[in-house]
Amino acid sequence: MSSSSFIVVAQDETPLLQNLSACRDEVGIVASSPPAEQDGSTPKSSGSNQRLVSLDVFRGLTVAKISSRSTSTKKVIMRTSKLFLLGLVLQGGYFHGRHSLTYGVDVGKIRWLGVLQRISIGYLMASIAEIWLVKDNVVDSTVAFARKYYNQWIFATILCSLYICLLYGLYVPDWKYEVPITNATSSMSGYTSSTQNVNCGVRGSLKPSCNAVGFIDRFLLGEHHLYQHPVYRRTKECSVNSPDYGPLPPNSPVWCLAPFDPEGVLSSLMAALTCFVGLHYGHIIVHFKEQKQRVFLWSLSSFPLLISGFVLEMLGIPLCKPLYTLSYMCITAGASGLLLTIIFYIVDVKNIRKPMLLFQWMGMNALIIYALGACELFAAAVKGFYWRSPENNLVDFTELVLQAVLHSKKWGTLVFVMLEILFWGIVAGFLHKKGIYLRL
């Protein structure tokens, strides 16, 4: 899913994005349904209706009427709940990935937050803002456009300010955590628990050990419910095989084995702002009908975000995805918007569609691809069929062959991943031809 998610929800959905002049100001933007034309063709513009094929790549835009705010709010809450629960099943620890043939999770250690849970949080905030904070004035100029959505950006600014205040102003005390240590004296592969003390007592730290993001997650969720293999375990301080996971080096910091959730509570506030950026792009589609005007306004929105992100980075706010810093949000949102603008120009303005066909298919079934591919459910299922030993399976064999042919573990793995993407693109195309789509 792109950083700028176009996800404002309403009622009475229509297939894909359409310009409905009859809706006028009572329009919302919602996760789109499968297209009515299953052959992928695009109907010519006839009056107000015009399908934008490029948005299949950035799947999630549909114009809809908000006939009832209370009814729309109930639908938003229901869809948010389903998305959150799906994320809990996929990433809560029940499935152990392609490297394990086991499944199941201790509910006392289930991971509460993940990618889909974060998306559901952003979806909820952007949707509620679209339903309740949009004014009823007619948009006939850029000033009227800004006035209509002024309250939404105030709300987004409050979220951003809250994140910054907590990140830099919250006091992080000393803390401790339990780390399992293999009992080498026992013939059984049991574990005993050892307590590690981490010294902090600071404010405004962005280091892995003492940042406010981790502190809030430990306080609200508990250390056992956080992601147990954070990315900083691959740093030189924490791995002899850096940039990969590996054994701890001598004199490694005490926080190396501590849990940390990259999709935590506080960082999800900043991540939700990308939904508001995507919402802004959707509003441009609704109120500005000329394609070149859309390209201009999208570009006018994307470049300042990119520039602001790099300026903030130079001023000392690092590009950090686990913390989802302001600079990271600006750059990813701006880059996503710029990419959307380029694809829109190629596909819908210049009518060059074949190069984007694979991405269009994947965009139409992003949820299936994410669950089976990114969450490795399909790979784990395939690995369940092996020859004599679990290591002798088709998935690992294919990757090893590519590494042997290319005489490089890194390049072999890269080609393997690219083939995986191609495979899932073809699967998405097959599902599209059969008219099979998964949506919540």
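Here the structure is shown first, and the text comes after it.
Residues numbered from 1 in each chain as written. Predicted model: local features only at pLDDT ≥ 70, side-chain atom pairs only at ≥ 80, totals over all residues. Heavy atoms only, no water.

## What to know about the environment of Gly384
In plain terms, the rule: The numbering of helices and of strands both runs from the N terminus, where a helix is a DSSP run of H or I of at least 4 residues and a strand a run of E of at least 2. Each residue's exposure class comes from its accessible area (1.4 Å probe, protein chains only) as a fraction of the maximum for that residue type: buried when under 20%, exposed when over 50%, partly exposed otherwise.
Looking at where Gly384 falls in the secondary structure, it is placed in the loop between α11 (377-383) and α12 (394-406). Relative accessible area serves as the criterion here: at 39%, Gly384 is assigned to the partly exposed category. Residues Gly384 and Leu394 lie 10 residues apart in sequence; the distance between their C-alpha atoms is 9.6 Å.

## Some thoughts on a nonpolar patch on the surface
Definition in use: Exposure above 30% relative accessible area and the absence of a salt bridge qualify a residue for a patch, where like charges join within 9 Å and nonpolar side chains (Val, Leu, Ile, Met, Phe, Trp, Tyr) within 5 Å. A 1.4 Å probe and the Shrake-Rupley method give the accessible areas. Residues count as covered only by the protein chains that appear here. Counted as salt bridges are all cases of a side-chain nitrogen of Lys or Arg within 4 Å of a carboxyl oxygen of Asp or Glu.
Where nonpolar side chains cluster on the molecular surface, the patch consists of Leu394, Phe397, Val401, Val405, Leu406, Trp411, Leu414 and Met418 and spans about 830 Å² of accessible area. Of all the elements in the fold, those that place two or more residues in the nonpolar patch are α12 and α13 (409-434). Considering every element that reaches the nonpolar patch, the biggest residue donor is α12, with 5 residues. Within the secondary structure layout, Leu394 lies in helix α12. You can call Leu394 exposed: its relative accessible area is 56%.

## Quick word on the side chain of Asn211
What counts is decided by this rule: Between N or O atoms, a polar contact is any pair within 3.5 Å; within protein, one atom must be a potential hydrogen donor and the other a potential acceptor, and residues adjacent in sequence are included only when both atoms are from side chains. The contact criterion used is simple: two residues touch if any of their non-hydrogen atoms lie within 4.5 Å.
Along the chain, Asn211 falls in the loop between β7 (202-203) and α5 (212-220). Exposure remark for Asn211: the relative accessible area of 2% places this residue in the buried category. Looking at Asn211, its side chain comes within polar contact range of the main-chain oxygen of Lys207, at 2.7 Å. Among the polar contacts listed, one links the side chain of Asn211 to the backbone oxygen of Pro208, at a separation of 3.4 Å. When near neighbours in sequence (up to four residues on either side) are disregarded, Asn211 contacts Val172, Ser205, Leu206, Phe260 and Leu323.

## Comments concerning the packing of aromatic side chains
The following threshold applies: Ring geometry is summarised as follows: Phe, Tyr and Trp rings, the Trp one being its six-membered ring, pair when their centres sit within 6.5 Å, and such pairs are stacked at plane angles under 30 degrees, edge-to-face over 60 and tilted between the two. For a lysine, the NZ atom is tested; for an arginine, the CZ atom; a charge sits over a ring if that atom is within 6 Å of the ring centre and within 35 degrees of the ring normal.
Under the criterion given, the structure shown has 15 aromatic pairs. Ring geometry for Tyr94 and Tyr103: centres 5.5 Å apart, planes at 50 degrees, overall tilted. Note on Tyr103: relative accessible area 59%, which makes it exposed. An angle of 65 degrees between the planes, with centres 5.4 Å apart, marks the rings of Phe145 and Tyr149 as edge-to-face. Taken together, the ring pairs in this structure connect Tyr94, Phe95 and Tyr103 into an aromatic cluster. Just above the ring of Trp175 sits the side chain of Arg218; from NZ or CZ to the centre is 3.5 Å.

## Brief notes about the state of the cysteines
In plain terms, the rule: Put simply, a disulfide is two cysteine sulfurs that come within 2.5 Å.
Per the stated rule, a full pass over the model turns up 2 disulfides. Between the sulfur atoms of Cys200 and its disulfide mate Cys210 the distance is 2.1 Å. Taking the sign of the S-S torsion, about -85 degrees here, the bridge from Cys200 to Cys210 comes out left-handed. Taken together, the residues Cys200 in the loop between β6 (191-198) and β7 and Cys210 in the loop between β7 and α5 connect sequence positions 10 residues apart. Of the residues examined, Cys200 reaches a relative accessible area of 14% and is grouped as buried. Here Cys238 connects covalently by a disulfide to Cys256, the sulfurs 1.9 Å from one another. A torsion of -75 degrees about the S-S bond marks the disulfide between Cys238 and Cys256 as left-handed. Here Cys238, found in the loop between α5 and α6 (265-287), pairs with Cys256, found in the loop between α5 and α6; they are 18 residues apart in sequence, far enough to count as distant. The two residues Cys238 and Cys256 agree in class, both being buried. Each bonded cysteine of the protein chain gets a number by its place in the sequence, and the pairs then read 1-2, 3-4.

## Describing unusual backbone geometry
Of note, the bond from Ser242 into Pro243 is cis; its omega dihedral lies within 30 degrees of zero at 15 degrees. Assignment of secondary structure puts Pro243 in the loop between α5 and α6. Phi angles above zero are rare outside glycine, and Arg388 is one such case at about 70 degrees. Checked against the element boundaries, Arg388 lands in the loop between α11 and α12. A residue is classified by how much of its surface remains accessible, and Arg388, at 74% relative accessible area, is exposed. The phi torsion at His407 lies on the positive side, around 55 degrees, for a residue other than glycine.

## A short note on the side chain of Ser302
Residue placement: Ser302 occurs in helix α7 (residues 291-314). Here the side chain of Ser302 touches Tyr281 through a polar contact of 2.3 Å, side chain to side chain. With residues up to four places along the chain from it excluded, the contact list for Ser302 reads Tyr281, Gly334, Gly337, Leu338 and Thr341.

## Quick word on the environment of Arg111
Along the chain, the position of Arg111 falls in the loop between α1 (69-91) and α2 (115-132). In this structure Arg111 comes out as buried when scored by relative accessible area, which is 9%. Put simply, Arg111 and Gly87 are 24 residues apart on the chain and 9.8 Å apart in space, counted from C-alpha to C-alpha. Only 2.8 Å separates the side chain of Arg111 from the side chain of Asp261, close enough to count as a polar contact.

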